[in-house]
Each structure stands twice: as structure tokens, then as C-alpha cells.
Amino acid sequence: MTKFEVITGNIKKNKTLRAGKTYVIEGEVHVVKGVTLTVDDRVTVLLVNGVFPKSQMRRSTLIFDQGSQLSAKRFYIKAADVNHKPVKLPDNGGVWFLGNFNDASKDGVSVKVNRKNPLSAFKAEMVATYYLGRKDTYISVKSKKELDIGDDVDGFSILGVGPGEWNVSEVRSHFSGDDGFDVTNSHIKLDRLEIKHPTEDGMNISSSRVEIHKSLLLDIRKTDDTDRDLFDLETDDGASYVELYRRCWVRLNGVFGDQVVLSSKDMPKPNVKDDNETSYSFSGQLKTSALVFSIDED
């Protein structure tokens, strides 16, 4: 029988999530400044779907505050219902990593550089997420009707994180309620990134630099939905870059994106005109490095 531990308040002292137990987050939970969350290999954390009025986002969410630390091997985060059963429905606040590298804000969450605070330190072999985030509508538990929230939340969010703070080798984001992987005003490195079937864009990169060294898989298969791209690069506070290193395995399936630039000797030239809905596909190992970027176009 599965053992559960329910977490409803902020994590204010060092804590280890032990193998053999499943951890359940109900409401908004922060790993606060100066605290280390250690996660045993293959531990699963569940975010309970539905409305939590006392949460800033009115949803269950896990937020690593500026100056917090994660020490994990393979770490899984999934959506669940009120009975703590994993479900295939994103209606939660997702997972957030906040750094001390740049000021950044989105969806009501913000971080400001404070040199008096320690740097964040996020270390893991892999963080894999399933059905995190939320759409801009949800099904009311009481009325069973679809209600409009007014905004949506990404499954995996990184705000103001620098290369000295980020040591996560692999990220997987599957079936996100909004964008699969959102990076804002940050500079991070990954060995592997895998994004499958988000509700909206695959990579939403805002004034950030993301380096991918070994493999990138973006499966955003074309549907009837529009404005759903492999890459959405924002430039509000500066240019955005996705760097793909030599010998990186790249597998792309979806609409490439509007107003972005691809520099590559190996990958075919995409259609990046406004409102383009042409499907793009590529699979192979890069012989030379490649760059997806936008300097001044959103």
C-alpha cells in the first residue's frame, strides 16, 4: 500500500523526501531561502488539482524560492485528484525555480536580485513533470461546468536563474496545461530537454539563454489549435537564444514559431512568418552547432 505524506505549508527547514513514500502538495508550498530539499531517487510528488483559495495562484504549486536548494536524482512531479490519485488533467500551479541572477516576473510570481541573499542551487539528474500547469478554463468541482480563469500557467517555470545556480541535467515536461518549459530572464544549461504535447508552446524563452548539449525533443504535433509553436521567443528585456551544441540529437515535430531565426547547417530552413501554421519536422544528430534566436522580435 502506498504511503502518503501531505504537505500544506511552506518547507522552512531542511527536509528529505524518502523513497517508498509519495508526497502530496495541497495549496501553495515554498521551499524557502536557505533551505535544502533533498529528494531520494525516483520519488514522486503530487500536486492536487483544483481551487485552493489561499494560494496566490489559487492552485497547488511547488515554488523553490530565491536562495533555496534542491538536491535530487530522478524526481517526478505529477497532477493528482483530491484522492491523491494521479490524473491526466493539468489544473494546478506547476513547479517554479527562482534564482538570484536577474529580476524576473510572470503570472504573479516575481524575483528581484538581492546580493545579500545566497544564490539558489538546483541540482538533479532529472526532473520529470506530467500534467502540470493549468489551462485558461477549468471544470468546477461543484457545478461540473467549464469556467474561465482568465489566464493560464506553464508546467515548468524558471525565473531569474543563472548558470551558477542551475545544475539539472535533464528536464521532461509532458502534457503541460500551457507552455511546456518557460524560462524568463535566465541563463541555464541542460544536457537533455524533452517536451511532449503541451497545450500551447513547447519552449517559451523570454530574454534568456538556454544551452542544450546532448538532446532536444519537442513533440508539439499539429492540431486544429493555432499559435502553438515549438519555439516562442520573447525579447521584453533583451534577446533570447536556444543554443544546440555539436553532436546534440534533435527531434522536432510541430510549427516552428513566428519571427524567430534558425542558424544551422544541418536543419532545414523553417517558415517563420507571422501566423504561419506549416508543420516542421527534423530528426538527427547535429554535425555542427545550431542556434535558434530572436533579438528584437516577439
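Scroll up to find the structure.
Residues numbered from 1 in each chain as written. Predicted model: local features only at pLDDT ≥ 70, side-chain atom pairs only at ≥ 80, totals over all residues. Heavy atoms only, no water.

1. Observations concerning the sheet that holds strand β22 (residues 231-234)
Next up, step 1: Strands sit in the order β4-β7-β10-β16-β18-β20-β22 across an open sheet of seven strands; the sheet is parallel. Where the open sheet ends on each side, the last strands, each with one partner, are β4 (28-31) and β22. Here the average twist between neighbouring strands, direction ignored, is 10°.
Next up, step 2: Bridging between strand β16 (residues 156-159) and strand β18 (residues 181-184) involves three bridges; their strand directions are parallel. In the strand pairing of β18, Ser157 is matched with Asp182. (Pairing = 2+ DSSP bridges. Helix = DSSP H or I, 4+ residues; strand = E, 2+ residues; numbered from the N terminus. Axes fitted to C-alpha atoms, helices over the stretch in contact; angles between N-to-C directions.)

2. Some remarks on the side chain of Asp232
Next up, step 1: Relative to the elements of secondary structure, Asp232 occurs in strand β22.
Next up, step 2: Put simply, Asp232 is tucked away with no salt bridge, and the nearest opposite charge, on Lys106, sits 11 Å away.
Next up, step 3: Setting aside residues up to four positions removed in sequence, Asp232 forms contacts with Asp201, Met203, Asn204 and Ile205. (Buried < 20%, exposed > 50% of the residue type's maximum accessible area, 1.4 Å probe, protein only. Lys, Arg positive; Asp, Glu negative; His and termini not counted. Salt bridge = Lys/Arg side-chain N within 4 Å of Asp/Glu carboxyl O. Contact = heavy atoms within 4.5 Å.)

3. Let's talk about unusual backbone geometry
Next up, step 1: Positioned with a positive phi, Tyr131 is a non-glycine residue whose angle comes to about 60°.
Next up, step 2: Exposure remark for Tyr131: the relative accessible area of 15% places this residue in the buried category.
Next up, step 3: With a phi angle near 50°, His197 is a residue other than glycine that sits in the positive phi range.
Next up, step 4: The residue His197 is located in the loop between β19 (187-196) and β20 (203-206) in this model.

4. A short note on the pattern of salt bridges
Where side chains of opposite charge bring their charged atoms close, a pairing between them can arise.
Next up, step 1: For the structure on display, the rule yields ten salt bridges.
Next up, step 2: The closest approach of N and O atoms between Lys15 and Glu5, which form a salt bridge, is 2.7 Å. Note that Lys15 is positioned in strand β2 (residues 15-17) and Glu5 in strand β1 (residues 3-7), a separation of ten residues in sequence.
Next up, step 3: Residue Glu5 is classed as partly exposed on the basis of its relative accessible area of 22%.
Next up, step 4: A salt bridge links Asp41 to Arg74, with the shortest nitrogen-to-oxygen separation between them at 2.4 Å. Separated by 33 residues along the polypeptide, Asp41 in the loop between β5 (36-39) and β6 (43-48) and Arg74 in strand β9 (residues 74-80) bring together distant segments of the chain.
Next up, step 5: The exposure class assigned to Asp41 is partly exposed, which follows from its relative accessible area of 28%.
Next up, step 6: The network of salt bridges with shared partners includes Lys106, Asp107, Asp154 and Asp182.

Taken by themselves, the reported measurements are silent on function.
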